[in-house]
Every structure is written in structure tokens, then in C-alpha cells.
Amino acid sequence: MRHDVDVGERMLRGWLLWGGSAMASAVVMGVLVACGSGPVAQGTGPARPAAPAAVAVGSPRPYQLYTHCGIDEARIGNRYFEAVHPLSDGQNNPPPGWGNPYQQGTMTLLSPNEAVFRDQAGHQVQFRLRRGATAFEHVCA
């Protein structure tokens, strides 16, 4: 289950226990919208950001890569990509030297079907389009 939904559901359950169902719904929706707002560089992991205007091929864009469960997927606009060579520490965490839950860097579309993430630490991850995908394939708690 998505982490942002997990938090929202827990908040909703707490509010319902106290009889604030209408208020709880509004609060949860506000939390989920806040988690998913902003340009592609903000929250590109399980929290779903608003889809930006078309991303130009060859133009590096600031990007915050979700790394909490390892490096294996990315969302660019409304399209989902998978790492050509996923990275993890073997226990569903990012490898040593990577930020957790995010790594700031840039994402560059090399073609409509290929992208590369780079950061100032020298990390580089190649991604390829997951055709037909409408959500992340793996979502951790």
C-alpha cells in the first residue's frame, strides 16, 4: 500500500473514532493533495505529483527520486519508468550513499522511452518506459 495513503487512512481512522467523519475526510484529502502537488521534481515516488506540461527530450530537469524501498521506478509526467538495473541494499532500502526516502538530482529524457537520473554524488540510473503503466508497480510501506 502507498505510504501516503497509509498515513491518510490512519488519520481518518483516528478522526472517525472521535466522531469527526466529515472533518476527517477533508483533512485526509488535504494531506493527500498536499503530498501530491507541485512539479515533477517534487515527490516522484508513491505520492502522485501533478502531471507537468510535456517534458522536453534532452533537457535535464530537477528531480526528486523516491529511494525508500530501493531505486527501481520513477514517474515522469504521467508516465511510469523502471530502472534498467534496479539498486538496493538487498533489504528493500537504497544502497549506501543514497538519500532515504528521496535523492535530489536531475532526470533527463533521452528519448520518449528512456531517461537517466543523475545527482551530484555521481550516481546515475537508466530508466525505460513501462508501456501501459498507470501506477507504480512496487509500493512499499
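Residues numbered from 1 in each chain as written. Predicted model: local features only at pLDDT ≥ 70, side-chain atom pairs only at ≥ 80, totals over all residues. Heavy atoms only, no water.

Trainee: So what about the sheet that holds strand β5 (residues 114-118)? Which residues, and what values?
Mentor: The strand order β1-β4-β5-β6-β3-β2 describes an open sheet built from six strands, whose pairing is antiparallel. The open sheet has two edge strands, β1 (61-66) and β2 (71-76), and neither has a second partner. Here the average twist between neighbouring strands, direction ignored, is 35°. Pairing of strand β3 (residues 79-87) with strand β6 (residues 124-129), which is carried by three bridges, proceeds in the antiparallel orientation. Note on β6: the bridge partner recorded for F81 is L129. (Pairing = 2+ DSSP bridges. Helix = DSSP H or I, 4+ residues; strand = E, 2+ residues; numbered from the N terminus. Axes fitted to C-alpha atoms, helices over the stretch in contact; angles between N-to-C directions.)

Trainee: For the side chain of R130, give the residues involved together with the corresponding values.
Mentor: Checked against the element boundaries, R130 lands in the segment after β6. Among the polar contacts made by the side chain of R130, one reaches the side chain of E73 at a distance of 3.2 Å. For R130, the residues in contact, after removing those within four places along its chain, are E73, Y80, F81, E82, A135, F136 and E137. (Polar contact = N/O pair within 3.5 Å; in protein donor to acceptor, adjacent residues only side chain to side chain. Contact = heavy atoms within 4.5 Å.)

This is a description of form; function is not addressed.
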